[in-house]
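Okay, here's what each chain looks like letter by letter:
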Amino acid sequence: MLEPWQCILANTTFPFVSTEVFITEAQTDKVVLLAHDWVPDERPHWSPPVRTYMGAWAHNMTLALAAAMAPSSRAGVFSPACFIHTGFEADAPRIGGRAYLRAFTDWYFDRVPVKLRDECGILCNPNCTR
């Protein structure tokens, strides 16, 4: 049985959403990790325990997006390995040569299936913003 607070979590509610959605989510969220968690702002020189924690965070984000990433899902996904919260810009970060705006447009107009997720590790996308 789920607790009521779990309904705020997208991976809990996603199976019940019938509307097609496009998910834009960084694998390590800057606001959550710095302001709501214990991660110190020592970028880019985090200690090994902090990097391990961030790796676990990114892994959990990947698990949370699994249903949307499934080939049978109509959801679009754009999940860069960046340390950002809302810093998605028209031209960066990019995954597979596409920024989120182009990825969303391709998904919205059904030009191509869009399931873009960095799989290079944590904080490894070379064109992250901020």
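Residues numbered from 1 in each chain as written. Predicted model: local features only at pLDDT ≥ 70, side-chain atom pairs only at ≥ 80, totals over all residues. Heavy atoms only, no water.

### Section: the pattern of salt bridges
If you walk through the whole model with that rule in mind, you get seven salt bridges. Close ionic contact of D106 with R98 constitutes a salt bridge, the shortest N to O distance being 2.9 Å. Exposure remark for D106: the relative accessible area of 4% places this residue in the buried category. Three or more residues joined by partner-sharing salt bridges are found here, namely R98, R102, D106 and R111. (Salt bridge = Lys/Arg side-chain N within 4 Å of Asp/Glu carboxyl O. Buried < 20%, exposed > 50% of the residue type's maximum accessible area, 1.4 Å probe, protein only.)

### Digging into a nonpolar patch on the surface
Together, W5, I8 and L9 line one region of the surface with nonpolar side chains, adding up to about 370 Å² of accessible area. With respect to the helices, strands and loops of the structure, L9 is situated in the segment before α1 (10–13). Residue classification places L9 among the partly exposed residues on the basis of a relative accessible area of 35%. (Patch = residues over 30% accessible without salt bridge, like charges linked within 9 Å, V, L, I, M, F, W, Y side chains within 5 Å. Areas by Shrake-Rupley, 256 points an atom, 1.4 Å probe, with all protein chains shown as cover. Helix = DSSP H or I, 4+ residues; strand = E, 2+ residues; numbered from the N terminus.)

By themselves, these figures tell us nothing about what the structure is for.
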